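Read off the chains here:
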Amino acid sequence: MQKEPVTLGKDKKSLFKDKVMELLPNGGNLNACFTCGACSSGCPSVGIDGMDPRKFLRMAALGMDDEILKSNWAWFCTMCQRCMYVCPMQIDIPQLIYHVRKNWPRENRPKGIRGSCDMALKHDTCSSMGVSIDDWKFVVEDLADEIRQKDKGFEELQAPIDKGGAYFFLNQNSKEPVLEPNEMAPLWKILHLAGADWTYASKGWAAENYCMFLGDDENWEKIVRIKAKAVDDLGCKVWVNTECGHELYAFRVGLKKFNIPHKFEIKSIIHLYARWIREGKLKVSSEWNKNLKIRFTVQDPCQIIRKSYGDPLAMDLRFVIKSVVGEENFIDMYPNKSNNYCCGGGSGFLQAGFPDSRRKAGKIKFDQIIATGADYCITPCHNCHSQITDLCENFRGHYNTVYLWTLICLSMGVLGQNERAYLGQDLITVGLS
Amino acid sequence: MPDKFEPKIIGFLCNWCAYAGGDVAGVIRAQYPPNMRPIRVMCSGMVHPDLVVEALKMGADGVIIMGCHIGQCHYQDGNSKAMARVEVVRVVLEDMGIEPERFAIVWVSSAEGKRFAKVITDFTDQIKTLGPNPLRKDFELNFKRV
Amino acid sequence: MIEFRVNKMAELLDVHRNTITNWIKSGKLKAAPSVAKRYIVSKEELTELFREEGIPAELIEKLKIANGIKSNISENFKDIKEFVEIKKKTLPKKPIGSVMVVGGGITGIQAGLDLADSGYYVHIVEKSSAVGGVMPKIDKTFPTDDCAMCIVSPKLVKCVRHFNINLLTLSEVVGVSGDVGNFTVKIKKNPRYIDINKCISCGICSQKCPKKVDDEFNEGLSRRKAAYIKFPQAVPLKYSIDGANCIYLTRNKCRACEKFCPTGAINFDEQEEILNYNVGAIILAPGLTTYDPSGLDFYNYKNMPDVVTNLEFERLLSASGPCFGHLKRPSDNKEPGKIAWIQCVGSRNINRCDNGYCSSVCCSVAIKQAITSSHHCHGENGCRTIFYNEIRAHGKELEKYYENARDMGIRFLKAMPHSIEPAKDDSGAIIRYMTEDGSIFNENFDMVVLSVGMEVSPEIRKISDIFKINVDKYGFAATESINPVESSRPGVFVAGTFTGPKAIPKSVIDASAAACEVAKILIEAKDTKTHEKIYPEELVADHAEPRTGVFICSCGINIADVIDVSELSDYAKKLPGVVYVENNLFTCSADTQALISGKIKEFNLNRIVVAACSPLTHEILFQETLKEAGINPYLIEMANIRNQNAWVHQNQPELATQKAKDQLCMAVTKVSKNYPLFTQSVPVHQKALVIGGGIAGMSAALSLADQRYDTFLIERDNRLGGNAWNLERTNKGEAVRPILEYFIENVENHPQIKVLKNARLKSFAGSVGNFVSEVESNGIVHTVDYGVCVIATGAGESIPDEYMFGEDRRVMTQLQFEREMKLNPTLSYKAKSIVFIQCVGSRDSKRPYCSRVCCAHSIKNAIKLKEANPLLDIFILHRDIRTFGLQEELYKKARDLGIIFIRYYLKNKPTVKREGNELYVNIFDPISQQPLRIYTDYIVLATAIEPDQNEELSQLLKYYVNSEGFINEAHPNLAPVELAVEGFFVAGMCNYPKLIDESILQAKAAASRASLILSKKDMQLDAIKSFVTEKCDGCALCVDVCPFKAIKFEEIGDNRDKHKIITVDNALCKGCGLCVATCPKGGIEVHGFTLEQLKSQVHAALNTTEALN
């Protein structure tokens, strides 16, 4: 059926695309598109609701503002920048999407994302799950006590909060204190064994920023400011991002975007894992897997690898994994590293409330993992972790999804019994004495 | 007759492609049977049908004309003209009682050293299968008588 | 008719000269301009005017009466002394008559040959061990699919043998000083470690060398030794030792090559040398490198063996490559079934590199590779797939080439893949792509070819730095349209891909154009640095009685190892006419040449046979020896017992010796039938005729006249300039009008150019060097004699018959619109929307070619409008935007400005409608999958360019045109400005649609090639020509078969014995012998290849009695 023609050339109206271009450096090159389609052939969300990045940009260029501004596709695009990675004209389609999100009336934006953003604004913890300072302190101290009492060799373990002058400032995704506090234990053990001088803070510790996903600049900035102040108030030298993707990006880019003065450096915990293993501080070994031959693959989180540190950090990530599970038991998925596919759940897609569409976007990731034949997919990002776990259940896969800290501790023989929520039957007792 | 039949083949090689291809076969040491006697001509289209007939009449076991690939003639379309004469020659040969398969025309470029060797190898094999030129016997007798 | 000069007329009538001019301008005096500022008017008109003005009628009689006058204007040029004096002031004083050419690729070679052939001494500097550049690596050239090696190698051989070319291999420029006319160029010559004079290229050094390294000639797909030749046909065919890898030179042991070299050519003591050369001018043609895709992780080039670059794929296809012409993929050496090409890798890309330009050739290369590799294709759909964004088949015949490829089943997918992913077992690849309608596909391919573009390497940038010439932001040498081979530094010229990405024909054109410019500035020093060899007078010997000397070469052990040379010598002695036989270790060595000379005298030899290597490489050498000994050079024959015997029958020494005997017998027999041949010389009219007074014609005329050749320029119209009058700016943004005025002024005032306007060629006769024609101009018939002719008759805009053209005045052609823009400066503010429609009448069944200039033309106008008024909506509806080369920047700029480009297909063309007074275009946008209705104030049709269908001229000159009427060049790659008829050249749009700078270049190139003929008073013709025998009975079968129209049919004799015979024009005959094979009576023969000579070889080969008698 022939669609109604779009009328052009009649009355000049100001285009949404042009307004966005005014806000972006070089206009995001949005005009430069010669419609080659490389973007779309590598986009995980291509074809959902008949849309793809090239078409979206094209409609914007033709002034079809009503269509694009109303399109749910703005929430299906995970702004993973895989399009921009290869675009010969380096066109910033993700920023176009961001501004479309921004243009939605706030109240119409997906409830899941909006709720998490609003929740984070309620407490200085910035927790999107509404964890208060007291709750936070209680959970941390309680768990630390438990480890000190129960786990041999960790009698001296500390999980300090607000330790002034500590070298590292560590953040933590709210999911752990709220839903699975035991997942914090492996991380603390690693920090303990590495002899790291670290602290949590009572404020601004939460490793999430849904206001960015929401396209809510004002509150994105507000949260970044609280967090930056928390780090500088304690006089920490390095802000360490735990195994979380978007928070690294939101904080790193937010500081720059909103021009927020600060005195600390930023590091991904993956940097530190790799360094500590190289320095011999973490005595990891893949011996445990020598006979088991359990195979692992890894998801390179877009926010950490492609959008932040690129292949060098992806190589560090592999170094850590290979040290922990054995070189021969690691199988890369294709494509990988900086050119990896987004899990399909990023930038709020996971929370936006379109599960069918999200799983469609994630199907490529599922197929990639299945193609490796791996028993485990390592996800050093909470968003990836949730999405990949969900994909496995939904598409009936047979792999487990696991954080890196779990495996590091497993390989050092210090992973406790109740720290194995994400391990399968094959590993549930490995390394337990 | 000798134990092993070693045919004698006359080759007319065009100056620009085939002869140069034959030289390259040498540079890359592509081996082929030593039965062909090369005669350099300016163009495959220069070879008069009489020459082909004469060679076979005189007892050559095979005649091969080698030129540039069609469309690449140094003289625009000399090789096409040579090609156009092939049928006539074949008819004449049949009339004379000579298998037309003893005559071939092929295209070899100056870069195709390896192919040059293969073409000669294949054609020599073909002639070996056909056996000696039936006219050769008569000719040899004549020769002895003289 | 009456012809007059304005000032003479003014004098006669006693009025101011402006009065006359005003009368002419106002039309009061209906006079038409003739030659040299003269005018022509009819007597009636003049009488009428005189009556009106009250001028006595008898004064008319005092004016020259031109009616019916036939003039021979050939000797009638102005006194040029004064002009030459003026010119001299702008030229370098006492320039040096030699030239430095940097780069030994096809461009450098062509430029060098052009100059060396026209009176200048040339140094060619080549970095590697052999000349040829990229071309020898290429399997075939598009669009003719010629073997690249075959067409380049004769040029290379000619270059290395040229008496006036000094070939400096393994050399690079390290410094330059001085100024135009007198530069000093400092060259670093790297050691070859093999004495070029001793090396017999037997290859034993390479066989014995234990060190293997990646072979860069095969793009690293195979291995070579540290002692090596670049490729089997390398020129010079001399081995060299790669110092960086040689075991002795790096670790001080081995020396195997030295031990085994049969001539003692290895010299490890050779040192790097610094040489200084004084030259008058410099041509830089260092070429380009290809983009290295290793950094593009998403294409996985580094990790997947079956992902190769287009240049690697050339080597895989090439008969001389690692697969010997049988394509195999690297991962498992299996023949690949499905192959994909990905276009624009490292071109049109500002993300992964800064190569914002289009590399211009890769589309055609991919098409060629798909076609030539599809012999291996097994009919599966998509077994050859080209992923592209725009197919830029912009050159001549390339659109048909593209269409043909489609017809062959080659699949063209307008879809750029994001990534290449490995397939199972590390062989082949998976490509995921999205078609225009948004459908996603995953497809397996056995191989993927990355069509990598060209770029300027740091090494090439260094050359620009050394010569201190300006470059653009990509590092390409900066030039201007008016002289696209002139660098920013006087006396330094630039050519080939150094000035931007281009294919072989354009590089060859560049080369000749640069040579032309050099010849212009060094004209004072012509023939001052060149040498000519003087030979003794030929001995008058009795040639009927052969006294043959036979020299049998052992070639070290190359021949002697396989062939029993002593048996061969004994055999030779028994052959009829042989009076002397000798076996040499190396017959080609310098001392052997002296020895042969001595033996000739001692034994009174009058025929020589050399049994050694190939006549293709060595005959000239031995001919020289004969000439020096006073023997006619055609009294030699070579028996090729090395390349075509010892080397190819290594394991059959007995049969090889038998074959060698036959070969020797054949040579001895033939040489006995040889007779002296003499090159003929014909005098040359050192004048040129240029047909067509547009930019191309004027440029050709100026280039010839500046080299001091009298030139006639005839123009059909009443003014010079042609299409350029309608153009405003070049693609580089320069105003066209000043360029045009520059040309017209220089042409009209040049003392050695005679311009005839309103002129037509009426007759044509003669052959190269000696043509004569009648030209009618304003009623006067001039007789013109000339040695060469450049045809530059141009082309024009076709008249569209669609899109409401002619029905609505808002629909106009590009040129009409450009006039409208000029007349209506506020157009861009008044209009709200303008639509350009591309390919109107091009690339369809009627005109299956790309008009080439229209994309950039429309974009240029669109940019101008959009820059004036950013609120104006501009839409360009196209089928592929073809802004090839550096024009891509215009396309990018247009997009950045917000001009919208919408693609349409032939099956779904846009439609133009009018409702009331509203004009709109309907088109379907494939990207948004959305029909669009574009209201517009103007519709600009980029109409096809049509050649001038000049029946009269083509009938007269009998040049070949292609099916669309564009004049065909002799060979699209290597003779891009020559016509098949010798002495004729082509330039500009009559050949194919061209941009202004391209027309200028082609015109200069044509002038350069033409000046090779004009440069000498006498032209030497080759001795290998056909001749008529007494057996000719005038049947004329040979006349039509001659490809060069060299055979004429003539009637001779008086009334009593009148009969027809044929005659051969030696100037046209090329000695191919097609006539010989056609003649049933032996009425025509070719010298050196007579039927008797060929038959004698047949008989000798068969050892018949006739042979032995």
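About the thresholds
- Residues numbered from 1 in each chain as written.
- Chains lettered and ligands numbered in written order.
- Predicted model: local features only at pLDDT ≥ 70, side-chain atom pairs only at ≥ 80, totals over all residues.
- Heavy atoms only, no water.
- Buried < 20%, exposed > 50% of the residue type's maximum accessible area, 1.4 Å probe, protein only.
- Helix = DSSP H or I, 4+ residues; strand = E, 2+ residues; numbered from the N terminus.
- Pairing = 2+ DSSP bridges.
- Axes fitted to C-alpha atoms, helices over the stretch in contact; angles between N-to-C directions.
- Disulfide = S-S within 2.5 Å.
- Contact = heavy atoms within 4.5 Å.
- Buried area = accessible area lost by both parts, 1.4 Å probe.
- Salt bridge = Lys/Arg side-chain N within 4 Å of Asp/Glu carboxyl O.
- Polar contact = N/O pair within 3.5 Å; in protein donor to acceptor, adjacent residues only side chain to side chain.
- Nonpolar A, V, L, I, M, F, W, Y, C, P; charged D, E, K, R; others polar.
- pLDDT = per-residue confidence, 0-100.

1. Some words on the pairing of strand β26 (residues 447-452) of chain C
All names here are of chain C.
Then step 1. Of all the 6 residues making up β26, 6 are buried; the element is thus mostly covered by neighbouring parts of the structure.
Then step 2. Every second residue of β26 is oriented toward a common face, with Met447, Val449 and Ser451 on one face and Val448, Leu450 and Val452 on the other, all of them buried.
Then step 3. As judged from the 3 bridges shared by strand β19 (residues 307-309) and β26, these two strands associate in the parallel manner. In the strand pairing of β26, Val308 is matched with Val449.
Then step 4. Bridging between strand β20 (residues 339-345) and β26 involves 5 bridges; their strand directions are parallel. For Ile342, the partnering residue across the bridge sits in β26 and is Leu450.

2. Observations concerning the sheet that holds strand β25 (residues 440-445) of chain C
Hydrogen bonding along the main chain pairs the strands of a sheet, whether they run parallel or antiparallel.
All names here are of chain C.
Then step 1. Pairing within the open sheet is antiparallel, and its 3 strands lie in the order β23-β24-β25. In this open sheet, the two strands that pair with only one neighbour each are β23 (420-422) and β25. Between one strand axis and the next, the sheet turns by 30° as a mean value, whatever way the strands run.
Then step 2. With 3 bridges joining them, β23 and strand β24 (residues 429-434) adopt antiparallel strand pairing.

3. Regarding unusual backbone geometry
One can expect most non-glycine residues to show negative phi and most peptide bonds to be in trans.
Then step 1. Look at the link from A:Tyr334 to A:Pro335: it is a cis peptide, with omega at -10°.
Then step 2. Following the sequence through the fold, A:Pro335 ends up in the loop between α16 (305-325) and α17 (355-372).
Then step 3. Each neighbour pair has its own omega, and for C:Phe142 with C:Pro143 the value is -5°, a cis peptide bond.
Then step 4. Structurally, C:Pro143 can be placed in the loop between β7 (140-141) and β8 (146-147).

4. Brief notes about the state of the cysteines
Then step 1. Going through the model one piece at a time under the given rule, you end up with 2 disulfides over all chains.
Then step 2. Between B:Cys17 and B:Cys68 runs a disulfide, and the two sulfur atoms are separated by 2.4 Å. Of note, the bridge from B:Cys17 to B:Cys68 carries an S-S torsion of about 95° and is right-handed in sense. Within this pair, whereas B:Cys17 is found in the loop between β1 (9-14) and α1 (18-27), its partner B:Cys68 is found in the loop between β3 (62-67) and α3 (78-95), the two being separated by 51 residues in sequence. Judged on exposure class, the residue B:Cys17 and its partner B:Cys68 are both buried.
Then step 3. Sulfur of A:Cys381: no disulfide; nearest cysteine sulfur belongs to A:Cys384 and is 3.6 Å away.
Then step 4. Overall, the relative accessible area of 4% leaves A:Cys381 in the buried class.
Then step 5. With no disulfide partner, C:Cys1075 has as its closest neighbouring cysteine sulfur the one in C:Cys1072, 6.2 Å distant.

5. Considering the interface of chain C and chain A
Then step 1. Taken together, the contacts link 49 residues of chain C with 48 residues of chain A.
Then step 2. Across the interface of chain C and chain A, roughly 4200 Å² is buried in total on both sides, 53% from carbon and sulfur atoms.
Then step 3. Contact with chain A buries area across many residues of chain C, yet C:His418, C:Met434 and C:Ile927 alone supply 17% of it, more than any other trio.
Then step 4. Scanning the region where chain C abuts chain A turns up 2 salt bridges.
Then step 5. Salt-bridge contacts for A:Lys10 lead to C:Glu918; the nearest nitrogen and oxygen are separated by 3.3 Å.
Then step 6. Counting the contacts that link chain C with chain A gives 31 residue pairs in polar contact (both at pLDDT 80 or more).
Then step 7. Among the secondary structure elements, those contributing two or more residues to the side of chain C that touches chain A are β23, β24, β44 (873-878), α26 (888-896), β45 (900-903), β47 (918-925) and β48 (930-936) of chain C.
Then step 8. Sort the elements by how many residues they give to the side of chain C that touches chain A and β48(C) lands first, with 6 residues.
Then step 9. Classifying every residue of the side of chain C that touches chain A by side-chain character gives 21 nonpolar, 12 polar and 16 charged.
Then step 10. Bridging between strand β1 (residues 6-8) of chain A and β48(C) involves 3 bridges; their strand directions are parallel.

6. Some remarks on the sheet that holds strand β16 (residues 273-279) of chain C
All names here are of chain C.
Then step 1. The antiparallel open sheet is built from 3 strands, whose spatial order is β10-β11-β16. The sheet is open, and its two edges are formed by β10 (171-179) and β16, each paired on a single side. For this sheet the average axis-to-axis angle between neighbouring strands, irrespective of direction, equals 20°.
Then step 2. Both β10 and strand β11 (residues 182-189) contribute to a ladder of 8 bridges, which runs antiparallel. Opposite Glu172, over in β11, you have Lys188 as the bridge partner.

7. Some details on the confidence of the model for chain C
Then step 1. Here chain C averages 90 in pLDDT, while 95% of its residues score no lower than 70.
Then step 2. Confidence drops under a pLDDT of 50 for residues 65-70 of chain C, and excluding neighbours within four residues, the segment shows 10 contacts in the predicted structure.

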